[in-house]
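# Working through the structure, step by step
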Amino acid sequence: MKRGKSKADVPKKADSKLSVKKGPERASKKPRKSKADKDPNKPKRPPSAFFVFMEEFRKSFKEKNPNNKSVSVVGKAGGDKWKSLSEAEKAPYVAKAAKFKTEYTKKIAAYNKNQSGGGSHAAADEDESDKSKSEVNDDDEEEEGSEEEEEDDE
């Protein structure tokens, strides 16, 4: 019994467009950038109004459905509820989110000062920003005078 050539018998041609390049051929492409290390001291971003709502919604949903173990069900129910709320009903969550955002902007500004300026001077810089220039200069002169007195005592 003679068999005709099947597809398996025919040697495959390497299609350059479809083949996956491995080894040194791939190295000729752009090198992949590695992620920058995440700073553990950097403040977390504030939650949006929806996430503020979801914190409260999860608690009430868990009380109504104690046997539910699925996270996706809670998320879908929360999303549907959020969509059905009117602007007036969303207002308290939007206000809380705005409050969290203002706190975050203050924290991130202080964090960025520490990163660029360096170290422990950030707290002193915040105090100086609230005072006028003359008050700041007066404080500096008082501190210098007290240091001189301490040195004279020794």
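Structure report, in brief. Each chain has its residues counted from 1, following the order in which its sequence is written. Reporting in this predicted model follows two pLDDT cut-offs: at least 70 for local features of residues, and 80 or more for side-chain atom pairs to be given and counted; totals over whole chains, interfaces and linings ignore these cut-offs and use all residues. The side-chain values count all of the structure's non-hydrogen atoms but skip hydrogen atoms and water molecules.

### With respect to the overall build of the chain
Counting its secondary structure elements, the chain contains six helices and zero strands. Numbering goes from the N terminus for both helices and strands, where a helix is a DSSP run of H or I of at least four residues and a strand is a run of E of at least two. What you see in the chain, going N to C, is helices and strands ordered as α-α-α-α-α-α. When accessible area is computed with a 1.4 Å probe and restricted to protein chains, residues below 20% of their type maximum are described as buried, those above 50% as exposed, and intermediate ones as partly exposed. Burial statistics for the chain: of 154 residues in total, 14% are counted as buried. Long-range contacts, defined as pairs at least 24 residues apart, comprise 64% of the intrachain contacts of the chain with a sequence gap of at least 6. Summed over all atoms, the accessible surface of the chain reaches about 14,300 Å², with 51% contributed by carbon and sulfur. Any two residues whose heavy atoms approach within 4.5 Å are treated as being in contact. For accessible areas, the Shrake-Rupley method is used with a probe of radius 1.4 Å. Any residue's cover is judged against the shown protein chains and nothing else.

### A look at the packing of aromatic side chains
Here a pair means two rings of Phe, Tyr or Trp (six-membered ring of Trp) with centres within 6.5 Å. Their orientation is stacked below 30 degrees between planes, edge-to-face above 60, and tilted elsewhere. With the rule as written, the count across this model stands at eight aromatic pairs. Look at Phe50 and Phe53: their rings are 6.4 Å apart centre to centre, the planes differ by 35°, and that puts the pair in the tilted class. You can see Phe50 and its partner Phe53 sitting in helix H2 (residues 49–64), three residues apart, about one turn around the helix. Given the relative accessible area of 25%, Phe50 is considered partly exposed. Consider the rings of Phe53 and Tyr93, whose centres lie 5.3 Å apart with planes at 80°: the pair is edge-to-face. With Phe53 in helix H2 and Tyr93 in helix H4 (residues 87–118), this residue pair connects regions lying 40 residues apart in the sequence. Each member of the pair Phe53 and Tyr93 is classed as buried.

### Here's the deal with the layout of surface pockets
In this structure, the largest pocket encloses a volume near 210 Å³. In this analysis, the protein atoms alone were mapped onto a 1 Å grid. Cavities are point sets where a 1.4 Å probe fits without being able to get out; pockets are open sets with protein on both sides within 12 Å along at least five of seven lines; lining residues have an atom within 4 Å of a point. Lining the largest pocket are Met54, Arg58, Phe61, Lys62, Asn65, Asn68, Lys69, Ser70, Val71, Val74 and Gly75. Mapped onto the lining of the largest pocket, the elements with two or more residues apiece are H2 and helix H3 (71–84). For the lining of the largest pocket, the element with the most residues is H2, which contributes four residues. The classification used treats Ala, Val, Leu, Ile, Met, Phe, Trp, Tyr, Cys and Pro as nonpolar, Asp, Glu, Lys and Arg as charged, and all other residues, Gly among them, as polar. Of the residues that constitute the lining of the largest pocket, the class distribution is four nonpolar, four polar and three charged. Grid points are joined across faces, edges and corners, and a volume is the space filled by probe spheres set on the points. Volume-wise, the second largest pocket comes out at about 160 Å³.

### What to know about the nonpolar core
Buried Ala, Val, Leu, Ile, Met, Phe, Trp, Tyr and Cys residues form a nonpolar core when they are joined through side-chain atoms within 4.5 Å. Judged by nonpolar contacts, Ala49, Val52, Phe53, Met54, Phe57, Phe61, Val74, Trp82, Leu85, Tyr93 and Ala97 together constitute the single largest core of eleven residues. Elements with a minimum of two residues in this core: H2, H3 and H4. Broken down by element, this core gets its largest block of residues, six residues, from H2. Sequence-distant contacts of Val74, that is, excluding residues within four places in its chain, are made with Met54, Phe57, Arg58, Phe61 and Asn68.

### With respect to H3
The end-to-end C-alpha distance of H3 is 20 Å, a good match for the 20 Å that 14 residues give at a rise of 1.5 Å each. Buried within H3 are the following residues: Val74, Gly78, Gly79 and Trp82. Seen from one end, H3 has its buried residues packed into an arc of 130°, which puts them on one side. Facing away from the buried side of H3, by more than 90 degrees, are the exposed residues Lys76, Asp80, Lys83 and Ser84. Expected helix span is taken as 1.5 Å per residue step, with the number of steps being one fewer than the number of residues. Relevant arc is that of directions from the helix axis to the C-beta atoms, nothing else.

### A word on the side chain of Lys90
Checked against the element boundaries, Lys90 lands in helix H4. Positive residues here are Lys and Arg, negative ones are Asp and Glu, while His and the chain termini are left out of the count. What counts as a salt bridge is simple: a side-chain nitrogen of Lys or Arg found within 4 Å of a carboxyl oxygen of Asp or Glu. Buried within the structure, Lys90 lacks any salt-bridge partner; its nearest side chain of opposite charge belongs to Glu87, at an N-O separation of 4.4 Å. In contact with Lys90, other than residues within four places in its own chain, are Trp82 and Leu85.

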